[in-house]
Amino acid sequence: MATTGDAILVEGARKRYGEKDALAGLDLTVRRGTVHGLLGPNGAGKTTTVRILATLLRHDEGLVRVAGHDVRTEAREVRRRIGLLGQHAALDEELGGRQNLEMFGRLHHLGARRAGTRADELLERFGLADTGRKPVKQYSGGMRRRLDLAASLITEPEVLFLDEPTTGLDPRGRGEVWESVRSLVGGGTTVLLTTQYLEEADQLADRISVVDQGRVVADGTADELKARVGVDRIHVVVRDGARLDEAAGLLPVPRAEVSVDADRRLLSAPVADRMASLTETVRVLAAAGIDAEDIALRRPTLDEVFLHLTAASDGAGASDGSDGSDGSDTDARQEREVAA
Amino acid sequence: MSAAYVVSDCWTMTRRELAHWARQPVQVLVGLVFPVMMLLMFGYLVGGGRSVDGDYVDFLVPGMLTLTMVFGLEGTMTAVTQDLNKGVIDRFRAMPMTDGAVLVGRAAADMLQSAVGLLVMVGVGYAIGWRADGGPGNALGALGLLLLLRFAMLWIGIFLALVAGRAELVQAVQILVWPIGFLSNAFASPDSMPGWLGTFVEWNPMSATATAVRDLFGNPGGEPGHVWAAVVWPLVLLAVFFPLAVRKFGRLGK
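This one's a predicted model, so the numbers in the text were calculated from it and none came from an experiment.

## Quick notes on the pairing of strand β6 (residues 82-85) of chain A
Residue and element names in this part refer to chain A.
Here is step 1 of the chain: Residues Ile82 and Leu84 point to one face of β6 and Gly83 and Leu85 to the other, with burial holding for every one of them.
Here is step 2 of the chain: Judged from the four bridges that link them, β6 and strand β7 (residues 159-163) form a sheet pairing that is parallel. Counterpart to glycine 83 in the pairing with β7 is leucine 160.

What follows is the structure in structure tokens.
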């Protein structure tokens with residue numbers, strides 16, 4: 001239940017573009033001072049959610065409050081308290097780094113002198129102090145991202161939105177951004193982070209909401225989400241791709257729980273009893289004369305959790321995380337695997 | 001939202017545009033040179049053949065000044081479209097700044113550029129023999145009417161850019177603005193045109209400004225008593241497009 005301690009509160013948010021529901025009743029609660037990951041495939045509604053929270057987009061229905069204020073009726077109060085790092089640099093590319101930060105400081109009504117000193121502080125902190133008058137369009141991707149992050153932090157926001165903050169960055173740039181986010185959280189800022197990278201959510205977020213088709217399909221810590229999928233999985237690589245479906249039917253688990261990756265000739269299924277399943281799998285495959293290149297037992301990765309949860313929501317409203325799948329569900333899962 | 005914040009936000013956004021000029025002096029220069037080039041081409045290459053009473057340069061310069069104000073629409077539209085397609089507009093919109101300060105900055109910068117552009121054109125016009133003999137008060141009034149027309153064009157440009165939001169439409173308008181500019185009395189008197197075309201040309205709001213400006217400068221082609229039309233037309237356009245543009249900007253993202 002929502003309390004005043006929530007930095008972000010979303011209840012039943014809907015946003016429609018023509019025929020398509022970008023958000024189909026999204027619920028989200030983020031406690032103050034935490035990092036919350038919004039995880040989902042392309043088109044799941046992550047960016048739409050962030051844009052609504054940041055007052056850039058109006059939702060059609062539902063309650064949306066940020067830092068204690070309604071984004072629709074108290075947009076200015078919300079804007080005073082947020083920082084936004086979008087997918088594309090929100091900077092004036094013609095101007096220099098200091099010019100940008102000073103301008104944003106003035107627009108945050110810091111006053112001319114404070115805007116100047118704040119700009120210098122931030123340039124120093126993000127290692128951009130020696131950029132001088134060089135226009136932002138000549139910056140490297142990593143520098144641009146750091147300046148963008150600096151611009152989001154002009155007023156030490158209560159709530160910071162990071163929309164896929166490391167997309168398009170090399171590993172070094174990614175590491176830099178992660179480092180900055182960690183240091184921010186130490187300062188008490190609430191962070192909402194969207195990402196397609198499970199690793200990123202796992203690294204940074206206290207809690208994760210998995211979003212698919214405009215609603216949250218699962219919510220919890222990384223460990224809780226992993227636990228929801230079942231403990232272990234058995235992986236079987238079948239030598240003859242033509243016999244993949246036949247093999248899938250033979251595994252000692254309900255057929256519906258077996259996910260099939262045709263490209264890698266890989267079957268994957270959750271198992272309750274590790275050793276019994278392994279022995280049984282070896283036995284039935286041998287009996288059917290199906291050659292396996294590899295049979296292994298694995299702990300679930302967050303990737304699998306993610307695919308499992310998003311695939312589950314493709315079934316008719318099966319958003320409870322149970323795998324009410326049929327044949328088409330497996331197809332959908334494969335598509336997502338390709339997309340990921 | 002205090003008045004001090006409104007002023008400071010609008011000033012900050014105007015400063016931004018001025019900083020862009022400082023960064024791209026060549027672009028600013030090209031913007032100033034283009035109308036001068038047009039003036040010289042029409043004055044020396046095309047002109048002379050036009051049938052007007054009196055010296056053609058005296059007829060042409062006020063027309064070219066008017067045309068420059070109308071063509072300013074393209075510049076406004078291009079600038080707004082570019083801004084909208086850049087991420088920075090998101091940051092502005094997610095800040096607690098005054099609604100519309102972005103547009104005010106644009107308007108202030110464009111008006112300033114147009115004022116400078118007018119002075120340059122007047123200087124070049126003077127150099128090629130154009131003379132205003134309506135008195136300094138009237139001359140200032142003429143410049144005022146020209147800037148009023150530019151101000152109306154500015155808000156049409158902002159509105160069109162907000163509606164289209166794409167570079168392709170800017171190109172379409174860049175092309176369309178030519179026939180509209182030429183279907184006026186900027187280069188030729190409507191008396192020299194076929195009847196129906198002449199009527200259209202006389203009703204072109206741009207012609208109203210050109211006629212009044214010629215009158216105030218004491219140049220051929222001017223008719224006394226037309227100043228009101230050169231005031232009313234831009235005000236009507238403003239009354240329509242200013243609220244539309246502001247409303248459209250406020251509704252971005254809805």
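Read on for the rest.
## Section: the packing of helix α3 (residues 56-84) of chain B against helix α6 (residues 136-164) of chain B
All names here are of chain B.
Here is step 1 of the chain: Remark: α3 packs on α6, axes separated minimally by 8 Å, with the N-to-C direction vectors making an angle of 30 degrees. Relative to α6, the element α3 lies roughly parallel. In this structure, α3 crosses over α6, and the sense of that crossing is right-handed. Facing α3, whose interface residues are Leu65, Thr66, Met69, Val70, Gly72, Leu73, Thr76, Met77, Val80, Thr81 and Leu84, α6 presents Leu146, Leu147, Leu149, Arg150, Met153, Leu154, Ile156, Gly157, Ile158, Leu160, Ala161 and Leu162.
Here is step 2 of the chain: Residues that form the contact of α3 with α6 fall into these classes: 17 nonpolar, five polar and one charged.

## Side note on the nonpolar core
Here is step 1 of the chain: Core analysis: the biggest nonpolar cluster contains 115 residues, and Leu101 and Phe104 of chain A together with Phe92 and Trp155 of chain B have the highest contact counts within it.
Here is step 2 of the chain: Among the elements that make up this core, the one with the highest residue count is α6 of chain B (16 residues).
Here is step 3 of the chain: Here this core spans two domains, and each of domain 1 (6-220) and domain 2 (226-339) of chain A adds at least three residues to it.
Here is step 4 of the chain: Setting aside residues up to four positions removed in sequence, tryptophan 155 of chain B forms contacts with Leu103, Ala107, Leu238, Phe241, Phe242, Ala245 and Val246 of chain B.
Here is step 5 of the chain: Residues Leu38, Ala67, Val159 and Leu192 of chain A belong to the second largest nonpolar core, which totals 29 residues.

## Side note on the UniProt feature "transmembrane region" (unreviewed entry) in chain B
Here is step 1 of the chain: Residues annotated in UniProt with the feature "transmembrane region" (unreviewed entry) correspond here to residues 26-47, 59-80, 101-128, 140-162, 169-188 and 227-246 of chain B.
Here is step 2 of the chain: Helix makes up 96% of residues 101-128 of chain B and strand 0%. Its end C-alpha atoms lie 40 Å apart.

## Brief notes about the environment of valine 191 of chain A
All names here are of chain A.
Here is step 1 of the chain: Tracing the backbone through its elements, the reader meets valine 191 in strand β8 (residues 190-195).
Here is step 2 of the chain: Exposure remark for valine 191: the relative accessible area of 0% places this residue in the buried category.
Here is step 3 of the chain: Along the sequence, valine 191 and leucine 162 sit 29 residues apart, while their C-alpha atoms lie 7.3 Å from each other.
Here is step 4 of the chain: Those residues within four positions of valine 191 in sequence are excluded, and the remaining contacts are Thr34, Val35, His36, Leu160, Leu162 and Val185.

Calculation rules
- Each chain has its residues counted from 1, running along the sequence as written.
- Just so you know, chain letters begin at A and ligand numbers begin at 1, following the order they were written in.
- Side-chain atom pairs in this predicted model are given and counted only at pLDDT of 80 or more, local residue features only at pLDDT of at least 70, and totals for whole chains, interfaces and linings cover all residues.
- Excluding hydrogens and water, the side-chain values take into account all heavy atoms of the structure.
- Remark: exposure states derive from per-residue accessible area (1.4 Å probe, protein chains only) relative to the maximum for the residue type, with buried under 20%, exposed over 50%, and partly exposed in between.
- By the criteria applied, helices consist of DSSP H or I runs no shorter than four residues and strands consist of E runs no shorter than two, each listed in order from the N terminus.
- Any two strands with at least two DSSP-identified bridges between them are counted as paired.
- Axis geometry follows a simple rule: fit a line to the C-alpha atoms, using only the stretch in contact for helices, then measure angles between N-to-C directions, giving values from 0 to 180 degrees.
- Angular relationships are summarised with four words: roughly parallel below 35 degrees, roughly antiparallel beyond 145, roughly perpendicular across 65 to 115, and oblique for the angles in between.
- A clockwise turn of the near helix away from the far one marks a right-handed crossing, whereas an anticlockwise turn of less than a right angle marks a left-handed crossing.
- Contacts are assigned to residue pairs that have any heavy atoms within 4.5 Å of one another.
- Residues are sorted three ways: Asp, Glu, Lys and Arg are charged, Ala, Val, Leu, Ile, Met, Phe, Trp, Tyr, Cys and Pro are nonpolar, and all the rest, Gly among them, are polar.
- The term nonpolar core refers to a set of buried residues drawn from Ala, Val, Leu, Ile, Met, Phe, Trp, Tyr and Cys, joined through side-chain atoms within 4.5 Å.
- Domains are outlined according to an automatic or database domain assignment.
- UniProt positions are given in the numbering used here, feature names are shortened, and annotations may be inferred rather than shown by experiment.

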